[in-house]
Each structure stands twice: as structure tokens, then as C-alpha cells.
Amino acid sequence: MLKIVVLFLMLMLIISMVGNVVTKFFAPPKPPAPPKGQTRATCSHCGRVVVGTAPCVCGKG
């Protein structure tokens, strides 16, 4: 009885490993990540990061 359970679990392990390898080959390519420098708005005067539409802390940007 114990051998049947162990064989079943081993079979499930092998099936999951094969499925994991197959899905990696057929997965669509990941889109390139945007550059970090273009995702942040900075103040033109002091260079701090500006969040949203609020004015900069320095009061000049």
C-alpha cells in the first residue's frame, strides 16, 4: 500500500516538473522594462523627485 502511494507521488512530481519546463518554452516574451530615469519627474531647479502635480518643496520648480 505504501509503495503505491510513493509511486503516485513520484509520478505527480515528474508530471509537474515536465509541465514547468514546457510552459517556460511556450511562454510569451516579457516586455522590456522602462528605464528608471524616465519614470520619475524631477524639479528643474533642485533636482528632487516631484510626486504628482504638487509643486516642489524648494518653491522654485
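The structure presented is a predicted model; accordingly, all values stated were derived computationally and were not measured. (Residues numbered from 1 in each chain as written. Predicted model: local features only at pLDDT ≥ 70, side-chain atom pairs only at ≥ 80, totals over all residues. Heavy atoms only, no water.)

1. Here's the deal with the overall build of the chain
Looking only at helices and strands, one finds one helix and two strands in the chain. At 27 Å, the chain has a C-alpha radius of gyration far larger than the 10 Å of a compact globule built from 61 residues. Oriented by its inertia axes, the alpha-carbon framework of the chain measures out at about 80 × 25 × 15 Å. The burial tally for the chain puts 3% of its 61 residues in the buried class. Total accessible area computed for the chain in this model is approximately 6000 Å², and 72% of it derives from carbon and sulfur atoms. (Helix = DSSP H or I, 4+ residues; strand = E, 2+ residues; numbered from the N terminus. Rg over C-alpha atoms; globule rule 2.2 N^0.38 Å. Buried < 20%, exposed > 50% of the residue type's maximum accessible area, 1.4 Å probe, protein only. Areas by Shrake-Rupley, 256 points an atom, 1.4 Å probe, with all protein chains shown as cover.)

2. Looking at a nonpolar patch on the surface
Residues M1, V5, F8, L9, L11, M12 and I15 make up a contiguous nonpolar surface patch of roughly 760 Å² in combined accessible area. Take L11: its relative accessible area is 48%, and that puts it in the partly exposed class. (Patch = residues over 30% accessible without salt bridge, like charges linked within 9 Å, V, L, I, M, F, W, Y side chains within 5 Å. Salt bridge = Lys/Arg side-chain N within 4 Å of Asp/Glu carboxyl O.)

3. So, the confidence of the model for the chain
Taken over all residues, the pLDDT of the chain has a mean of 85, while the share at 70 or more is 92%. Across the chain, the secondary-structure element scoring lowest on mean pLDDT is strand β1 (residues 41–42), at 82, and the one scoring highest is helix α1 (residues 2–26), at 93. (pLDDT = per-residue confidence, 0-100.)

4. A word on the state of the cysteines
Considering all chains together, one arrives at zero disulfides under this definition. No disulfide involves C46; its sulfur sits 3.5 Å from the nearest other cysteine sulfur, which is in C56. C56 sits in the buried class, given a relative accessible area of 9%. (Disulfide = S-S within 2.5 Å.)

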